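Notes for the structure review
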Amino acid sequence: MAPTSPTVADVWTARSRITSIVRPTPTLPSQSLTELAGAEVFLKWETMHPTGSFKIRGAANKLLSLSSEQRRRGVATFSTGNHGLAVAYVARSLSIPATVCLSTGVPENKVRGMKRFGARVEVQGRSQDEAEEYCVRLASDEGLTVIEPFDDPEVIAGQGTIGLELLDQLPRVQTVLVPLSGGGLIAGIALAIKANNPGARLVGITMERGAAMYESLRAGHPVSIEEEETLADSLRGGIGRRNRYTFALVRKLVDDTLLVTEAAIGRAMTLLFREHRAAVEGAAAVGVAALLEGKLESSNGPIAAVITGNNVDAGVFAAVIGT
Ligand SMILES: *Cc1c(COP(=O)(O)O)cnc(C)c1O
């Protein structure tokens with residue numbers, strides 16, 4: 001039987017299940033962004049996990065829910081990078097064999113990271129969709145369990161633990177800014193926040209170049225988009241033509257979706273470096289970019305932006321900060 005769509009109860013289950021692997025992250029005020037936005041702004045630092053992104057939450061919840069037979073056979077995944085890193089890290093800590101299938105577009109620093117965490121890496125296909133096809137074939141040939149990057153109830157519930165932490169740390173939160181790609185992150189956070197604080201607004205933010213969920217929401221069904229070069233490389237890729245969970249959850253629970261320019265992403269990365277001495281990747285900076293561009297409706301309570309990851313190539317980071 002196919003699993004049903006996750007609920008807030010699954011997010012609570014995930015929170016207790018992952019405590020041995022995932023630590024809570026801090027939510028800290030940003031003085032400069034507060035001055036700029038005209039409302040209190042807080043940043044949730046999901047960069048502080050051992051793999052540098054929140055994806056460890058969903059990966060831990062999924063791998064910990066597998067049967068002992070599935071664990072023994074091993075897991076396979078396809079990823080723009082951070083999900084692959086997270087699966088490799090969690091698999092190693094649970095002694096599960098892991099294979100990661102990547103497209104040729106994934107930056108070299110992420111490939112190195114994957115190997116460092118002990119995963120077998122297969123670079124196949126020019127796009128995310130091609131890497132996925134390869135992964136599914138390999139998994140069925142070798143009896144591996146495919147760990148989806150976003151369209152999976154356990155992965156969504158794992159990412160949702162961010163929302164539960166945020167409610168503890170900032171109960172008055174009124175607006176939550178969440179980078180949006182496949183939608184597992186925002187769907188999970190929205191399940192947690194809306195169940196406890198239905199008045200809070202959930203805003204998904206994507207780069208202008210290749211916004212798959214944004215275009216799908218407007219079309220009313222999942223659509224494929226051209227992948228393009230962007231600073232927010234972790235937000236690239238489609239939502240899957242046979243999307244089962246995240247499209248419906250995002251449509252139901254997310255209040256607004258916004259697009260930001262490459263220039264604004266660069267300015268946001270620079271601000272986070274200058275004001276917070278943090279090196280973050282483009283995908284993580286899109287919420288701050290939306291604040292800088294003045295694209296948000298005014299918030300009558302605190303704004304929280306989820307800073308999702310720090311896996312940025314050193315050369316790319318230096319070029320952005322140096323301009
Ligand atoms: C995966 C990822 C996202 C988006 O998560 P989805 O569940 O695909 O929407 C945002 N930021 C970073 C750094 C990521 O790795």
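Preceding this section is the structure that the text describes.
Residues numbered from 1 in each chain as written. Predicted model: local features only at pLDDT ≥ 70, side-chain atom pairs only at ≥ 80, totals over all residues. Heavy atoms only, no water.

Running from amino to carboxyl end, helix 5 (residues 82-93) crosses helix 6 (residues 108-116) at an angle of 10 degrees, the nearest separation of the two axes being 9 Å. Taken together, helix 5 and helix 6 sit at an angle that is classed as roughly parallel. Where helix 5 abuts helix 6, its residues Asn82, Gly84, Leu85, Ala88 and Arg92 lie against Lys110, Gly113, Met114 and Arg116. For the contact of helix 5 with helix 6, the per-class residue count stands at three nonpolar, three polar and three charged. (Axes fitted to C-alpha atoms, helices over the stretch in contact; angles between N-to-C directions. Helix = DSSP H or I, 4+ residues; strand = E, 2+ residues; numbered from the N terminus. Parallel < 35°, antiparallel > 145°, perpendicular 65-115°, else oblique. Contact = heavy atoms within 4.5 Å. Nonpolar A, V, L, I, M, F, W, Y, C, P; charged D, E, K, R; others polar.)

Lining the immediate environment of the ligand, one finds 17 residues, of which Lys55, Asn82, Gly183, Leu185 and Thr308 sit closest. Backbone polar atom of Ser181 to an oxygen atom of the ligand: 2.9 Å apart, as the coordinates give it. Separating an oxygen atom of the ligand from a backbone N or O atom of Gly184 is a distance of 2.9 Å. When the ligand sits alone it has 380 Å² of accessible area, and the protein chains cover 97% of it. For the shell around the ligand, the per-class residue count stands at seven nonpolar, eight polar and two charged. (Near = heavy atom within 4 Å. Polar contact = N/O pair within 3.5 Å; in protein donor to acceptor, adjacent residues only side chain to side chain. Areas by Shrake-Rupley, 256 points an atom, 1.4 Å probe, with all protein chains shown as cover.)

A word on the packing of helix 1 (residues 8-17) against helix 8 (residues 153-169). At a minimum axis separation of 8 Å, helix 1 and helix 8 run at an interaxial angle of 85 degrees. Considering their axes alone, helix 1 and helix 8 lie roughly perpendicular with respect to each other. Touching Asp10, Val11, Trp12, Ala14, Arg15 and Arg17 of helix 1 are Glu154, Ala157, Gly158, Gly160, Thr161, Leu164, Glu165 and Asp168, all from helix 8. Broken down by class, the residue content of the contact of helix 1 with helix 8 amounts to five nonpolar, three polar and six charged.

What follows covers the packing of aromatic side chains. One pair of aromatic rings is described through two measures. These are the centre distance and the angle between the planes. The tally for this structure, following the rule as stated, stands at two aromatic pairs. Here Tyr89 and Phe117 contribute two aromatic rings whose centre-to-centre distance is 5.5 Å and whose plane-to-plane angle is 85 degrees, an arrangement assigned as edge-to-face. Residue Tyr89 is found in helix 5, and its partner Phe117 is found in the loop between helix 6 and strand 5 (120-123); the two are separated by 28 residues along the sequence. When its relative accessible area of 9% is taken as the criterion, Phe117 is described as buried. Here Phe273 and Phe317 contribute two aromatic rings whose centre-to-centre distance is 5.8 Å and whose plane-to-plane angle is 85 degrees, an arrangement assigned as edge-to-face. Placement of Phe273 in helix 12 (residues 262-276) and of Phe317 in helix 14 (residues 314-322) is noted, with a sequence separation of 44 residues between them. (Phe/Tyr/Trp six-rings, centres within 6.5 Å; stacked < 30°, edge-to-face > 60°. Buried < 20%, exposed > 50% of the residue type's maximum accessible area, 1.4 Å probe, protein only.)

Moving on, we come to the side chain of Thr25. Relative to the elements of secondary structure, Thr25 occurs in the loop between helix 1 and strand 1 (27-29). A distance of 2.6 Å separates a polar atom in the side chain of Thr25 from a polar atom in the side chain of Glu46. Those residues in contact with Thr25, other than ones at most four positions away along the chain, are Lys44, Trp45, Glu46, His49, Arg57, Glu165 and Gln169.

Backbone geometry at Ser95 places phi at a positive 55 degrees, although glycine is not the residue there. Structurally, Ser95 is set in the loop between helix 5 and strand 4 (98-102). In this structure, Arg277 is a non-glycine residue whose phi angle is positive, near 50 degrees. Judged by its relative accessible area of 60%, Arg277 falls in the exposed class.

Counting buried positions along strand 2 (residues 41-45) yields five of five residues, so the element is predominantly enclosed. The alternating pattern of strand 2 places Val41, Leu43 and Trp45 on one face and Phe42 and Lys44 on the opposite face, and all of these are buried. Of the strand pairs in this sheet, strand 1 and strand 2 are connected by three bridges, and their pairing is antiparallel. Paired with Thr27 across the two strands is Lys44, which belongs to strand 2. (Pairing = 2+ DSSP bridges.)

Turning our attention to helix 3 (residues 55-64). Owing to its 3.6 residues per turn, the α-helix aligns residues three or four sequence positions apart on the same side. Burial runs high along helix 3: 10 of the 10 residues are buried. Those residues of helix 3 that fall on the buried side of the exposure criterion are Lys55, Ile56, Arg57, Gly58, Ala59, Ala60, Asn61, Lys62, Leu63 and Leu64. Close packing links the buried residues of helix 3 with helix 1, strand 2, helix 4 (68-73), helix 5 and helix 8.

To continue, consider the pattern of salt bridges. On inspection of all chains with the given rule, the structure shows 17 salt bridges. A salt bridge links Asp152 to Lys62; its shortest N-O distance comes to 2.8 Å. Of the two residues, Asp152 is situated in the loop between strand 6 (145-146) and helix 8 and Lys62 in helix 3; the sequence distance between them amounts to 90 residues. Between Arg126 and Glu130 there is a salt bridge whose closest N-O contact spans 3.2 Å. Residue class for Arg126 comes out exposed when judged on its relative accessible area of 66%. One connected set of salt bridges, linked through shared partners, spans Lys44, Glu46, Arg57 and Glu165. (Salt bridge = Lys/Arg side-chain N within 4 Å of Asp/Glu carboxyl O.)

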